Structure formats: structure tokens, C-alpha cells
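# Secondary and tertiary structure notes
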Amino acid sequence: MKAFYSDQFVLPLPPGHRFPMAKYRLLRDRVAAGLPQVRFAQAPAASDGELALVHAPAYVEGIASGQIDPQIVREIGFPWSEAMAARARRSVGATIEACRAAMQEGVGANLAGGTHHASAQRGGGFCVFNDAAVAARLMQAEQGRRQRQPLRVAIIDLDVHQGNGTASIFAGDPSVFTLSLHGEKNFPFRKVAGDLDVALPDGCGDDDYLHALDLALDEMALRFEPGLVIYLAGADPHEGDRLGRLKLTQDGLEARDRKVFDWAWQRRLPLALTMAGGYGTNIDDTVQVQFNTWRVAAAYWRRWQNRPR
């Protein structure tokens, strides 16, 4: 199973910053130790042309040069640096490569990504560029060059925060379906309607969450037939997350992942995995939740390799 990483870029964050930058390298180390079938590769940097499939060229140039509106930098939540700009491109490149791997092998993965608060004109909420949106557009373009049938993409966003940037990018686009389960009262406080939004109350636990997910997946199946799934497997619905406000256990989150992978497998849909958010009071909890997701992904990758040809 192919995995793409960009954790060599460590942002120079001020002391006390709440973004857990260390989780990416900790997760890669954990996956390397526990899942020997995973093959790691450094993520390439997304090009200007690839980013421009989604983002305004002036915004792309502003991030590259550092000549960006200070208000946008504040909304992103990271101080600008060359490492910040480079990491943002690599995170997009990782999801692009994860999608290509999924189209070839059934499952591919980005050890970061899920930057769903970035819209066409600006970033926000620790998101600079929208990796899932760029990857979806590029996969559509690449398939369009090979065959007449347009590629339809489902973005299943199970980060605890609503994917407002993704929803705004694909508003009114029938070729991409955006599904989001998220905390009703959590960030962003002004949501942007996607194709299917399920707002959950504070304190929502395993049973209610999994029931809501079943209903949402069933509804999406009635309304949309994708050729590719991009899955944002946020760890932040976990009960130990500082920013989550939901109460899912590790077992509940693993059950969540199995439902998504089952849904894709039943339809023989390639699935690209990204990690999205995770802000555990104990960083080890976040890494464990995400490692559990990788175990599920690796099992489904094996199933793809063993399927009848």
C-alpha cells in the first residue's frame, strides 16, 4: 500500500501553538513499525498549474512569495514561512499521488492532508490549499484525457469540523459530491452548505454517530454514483480531542472507518485516504486513532490485491 508523507517540513510555530505538528512524524513511525506492507514515498510538490485547478493564481503566488494579506495569514493560523509554503504544496501533492495509487491499487493514502477549510481565494483553520479539491480536479482531468466518461468523485469528510472550503469550491458541481458529518456548534461557525451535511450535537457518542453515518452513506448512494472516493478520516471526533466536542471512542472511530471502506469496497470504488484533524489532549491518543485507521486501510488494500482479476 502506497503512502505519501511531507513531515520533513516542520513549521516554526511559536511556543504554546495548539497545532500538534509532531503527530505526522509520530504517525509515520508508528505505521512503519506496525504495518510492513506500507510503502513510503516523499510527497512531490503540487505545481502552480495543479493548484490553479482550484485556487486563484494570485493566492497561489501570494503563498509562494509570502506577499499575502495578513488577515488571511491569521485565518490560516500559521505564520508564513518558506517551510509553510513548501509543506502546503507537498500535502496537496501527497493526496494527488494517493489518488493515483488508489486508481491503480484500490487504496492509497496521505499521512497528512484533509485541508478542507481552504477555499479558492483563501486559506483558514490550519489549511492553506485544499488538497482533496485539487486532487479531485486533477483526477477528473487525467481521466478525461483517457476516456470520454467523466470521473465523478465523492468526498467523505468525517473530520469533526465542517468542510466549508470544499463545499464552496464544488457548490453547484454535479460531478463532485461532498458529504460531511461534523459538530453542529463547532468551527467554522458559518457553515457552507455541501451536498449532504449532517450536523451532530455536542457529546454525540458512538451509537448515534454510527447510525447517522449509515443513513448518510445510504442517502449518498441513492443520489450519486462516484468513480473515486476521497476520505477525510479526522481523529478529532475522539472523546479525548481538545477541539472536537464529540465523544467517540477509539472503537467507535475504527467502526466508522470500516463502514466507509465497506461502502467503497461493496461498489469496488478506489479510495484515497487523508488524515485531516486531530488535536488530542494526549497526542498519543490522536496517533493511536489514526494508526487504527491505517490498519483498516491496509486490510482493504490487501482485499483489493486478492480480488479476482
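Here is what the cut-offs are and how they apply
- Residues numbered from 1 in each chain as written.
- Predicted model: local features only at pLDDT ≥ 70, side-chain atom pairs only at ≥ 80, totals over all residues.
- Heavy atoms only, no water.
- Buried < 20%, exposed > 50% of the residue type's maximum accessible area, 1.4 Å probe, protein only.
- Helix = DSSP H or I, 4+ residues; strand = E, 2+ residues; numbered from the N terminus.
- Pairing = 2+ DSSP bridges.
- Right-handed = clockwise from strand over helix to strand, strands pointing away.
- Core = buried A, V, L, I, M, F, W, Y, C linked by side-chain atoms within 4.5 Å.
- Contact = heavy atoms within 4.5 Å.
- Expected span 1.5 Å × (residues − 1).
- Axes fitted to C-alpha atoms, helices over the stretch in contact; angles between N-to-C directions.
- Polar contact = N/O pair within 3.5 Å; in protein donor to acceptor, adjacent residues only side chain to side chain.
- Salt bridge = Lys/Arg side-chain N within 4 Å of Asp/Glu carboxyl O.
- Parallel < 35°, antiparallel > 145°, perpendicular 65-115°, else oblique.
- Left-handed = near helix turned anticlockwise from the far one by under 90°.
- Nonpolar A, V, L, I, M, F, W, Y, C, P; charged D, E, K, R; others polar.

### Concerning the pairing of strand β5 (residues 176-183)
Taken residue by residue, a regular strand's side chains alternate between the two faces of the sheet. In terms of residue burial, β5 counts as a mostly covered element, since eight of its eight residues are buried. Sheet topology places strand β4 (residues 153-157) next to β5; five bridges connect them, and they run parallel. Opposite I155, over in β5, you have T178 as the bridge partner. In terms of handedness, the path from β4 via helix α7 (residues 164-169) over to β5 forms a crossover that is right-handed. For β5 and strand β6 (residues 196-200), the ladder comprises five bridges, and the chain directions are parallel. Along β6, the bridge assignment pairs H182 with A199.

### Some details on the nonpolar core
Ranked by size, the top nonpolar core spans 54 residues in total, and within it L181 and W294 carry the most contacts. Once you skip the residues sitting within four places of it in the chain, L181 turns out to touch D157, L158, D159, V198, L200, Y209, A212, L213 and A216. Core analysis: the second largest hydrophobic core is formed by 51 residues, I96, F170, L228 and L232 among them.

### A short note on helix α5 (residues 82-105)
Between the first and last C-alpha of α5 there are 34 Å, a value that for 24 residues agrees with the 34 Å anticipated at 1.5 Å per step. Within α5, 17 of the 24 residues are buried, which leaves it mostly tucked inside the rest of the structure. Directly beyond the C-terminal end of α5, a positive phi value near 100° is found at G106.

### Brief notes about the sheet that holds strand β3 (residues 107-110)
Strand order in the open sheet made by the eight strands is β2-β1-β3-β8-β7-β4-β5-β6, with parallel pairing throughout. The open sheet has two edge strands, β2 (39-42) and β6, and neither has a second partner. The sheet shows a mean angle of 15° between the axes of neighbouring strands, direction not considered. Contacts from helix α6 (residues 131-146) reach β3, β4, β5, β7 (228-232) and β8 (271-274), with the element oriented near 170° to β7.

### Points about the environment of Q71
Topologically, Q71 is positioned in helix α4 (residues 70-76). The exposure class assigned to Q71 is partly exposed, which follows from its relative accessible area of 33%. In this structure the C-alpha to C-alpha distance between Q71 and A52, which are 19 residues apart in sequence, comes to 22 Å. Of the polar contacts made by the side chain of Q71, one reaches the side chain of R74; its length is 2.8 Å.

### Topic: the pattern of salt bridges
Counted by the stated rule, this structure contains 15 salt bridges. Its salt-bridge partner being E105, residue R39 comes within 2.8 Å of it at the nearest N-O pair. Of the two residues, R39 is situated in strand β2 and E105 in helix α5; the sequence distance between them amounts to 66 residues. A residue is classified by how much of its surface remains accessible, and R39, at 39% relative accessible area, is partly exposed. The exposure class assigned to E105 is buried, which follows from its relative accessible area of 13%. With a shortest N-O distance of 3.0 Å, D257 and R256 are connected by a salt bridge. A single burial state applies to D257 and to R256, both of which are buried. If you follow the salt bridges from partner to partner, you end up with K2, R39 and E105 in one network.

### Examining the side chain of S81
Along the chain, S81 falls in the loop between α4 and α5. Take S81: its relative accessible area is 12%, and that puts it in the buried class. A distance of 3.0 Å separates a polar side-chain atom of S81 from the backbone nitrogen of M84.

### Regarding the packing of helix α9 (residues 250-266) against helix α10 (residues 283-306)
The geometry of α9 relative to α10 is characterised by a closest axis approach of 10 Å and an angle of 25° between their N-to-C directions. In terms of orientation, α9 and α10 fall into the roughly parallel class. Crossing of α9 against α10: the hand is right-handed. On α10, the residues touching Q250, L253, E254, R256, D257, R258, F261, D262 and W265 of α9 are D285, Q288, V289, N292, T293, R295, V296, A297, Y300, R303 and W304. Split by residue class, the contact of α9 with α10 holds eight nonpolar, four polar and eight charged.

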